[in-house]
Amino acid sequence: VRPGMVIILTDKFGSLCPLNVKMIEKIDPSFNGLTNSEDHIDPDISNDILSSLGHPRFSLGKTISKFSPEFHEKFDADSHIIAVYPVVTDGVISLLHLAKLSNSHLFIKEIPMKYKELAMSATRECVISNTTSSTNGCHIILASSKVAADVLADLKKHNFDPQIIGIVMDDEKPTVT
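Residues numbered from 1 in each chain as written. Predicted model: local features only at pLDDT ≥ 70, side-chain atom pairs only at ≥ 80, totals over all residues. Heavy atoms only, no water.

Novice: What's the story with the pattern of salt bridges in this structure? I'm lost.
Specialist: Within this structure, the stated rule accounts for six salt bridges. One salt bridge in this structure joins R2 and D78, with 2.6 Å as the shortest N-O distance. Note that R2 is positioned in the segment before β1 (6-9) and D78 in the loop between α3 (58-66) and β2 (81-86), a separation of 76 residues in sequence. Using a relative accessible area of 36% as the deciding quantity, one classes R2 as partly exposed. For D154, the salt bridge is made with K66, and the minimal N-O distance between the two is 3.0 Å. Of this pair, D154 sits in helix α6 (residues 145-157) while K66 is found in helix α3, placing the two residues 88 residues apart along the sequence. (Salt bridge = Lys/Arg side-chain N within 4 Å of Asp/Glu carboxyl O. Helix = DSSP H or I, 4+ residues; strand = E, 2+ residues; numbered from the N terminus. Buried < 20%, exposed > 50% of the residue type's maximum accessible area, 1.4 Å probe, protein only.)

Novice: Any chance you could explain α3 here in plain terms?
Specialist: The periodicity of an α-helix, 3.6 residues per turn, causes residues three or four positions apart to be oriented the same way. Taken together, the buried positions of α3 are occupied by S59, L60 and T63. Viewed end-on, α3 has its buried residues packed into an arc of 105°, placing them on one side of the element. Facing away from the buried side of α3 by over 90 degrees, the exposed positions are F58 and K62. Buried residues in α3 make contact with β2, β4 (139-143) and α6. (Arc of directions from axis to C-beta. Contact = heavy atoms within 4.5 Å.)

Here it is in structure tokens:
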């Protein structure tokens, strides 16, 4: 990992938020304060989330493999993915975990969220501890800017919503700003 590398998010944070709210409503039927937000929870959303949890995202593995060296090949930081870290239940906290593992300062320019209004309501009401948790397939990728466009294009072909959310500032202190 070296300064100037980009941080790619394969899909937006917060894809589990509607399911978490629905589970709370099932536990306590009298609670329904968040379903009045702008991000109304359509029953199909919860069903789609549950369905996605049961299906592995092999296409993500194919993309990672495509941008990784073969066993006989020498690693090249400009043409290969440097690191991949799963977001899942950690949500944005996974950025800090990755910073610690890579001993890098990660500068985040944007935190893209699905169901942003719902997540803000759930956070404001202290209903869900981590509204940024995500379903399988949401990963953070570190790569050089030279290969990033190709990684983004490949992920888009596989129905991901990838974007560059930041850059690596330095490799001396594990922090996230």
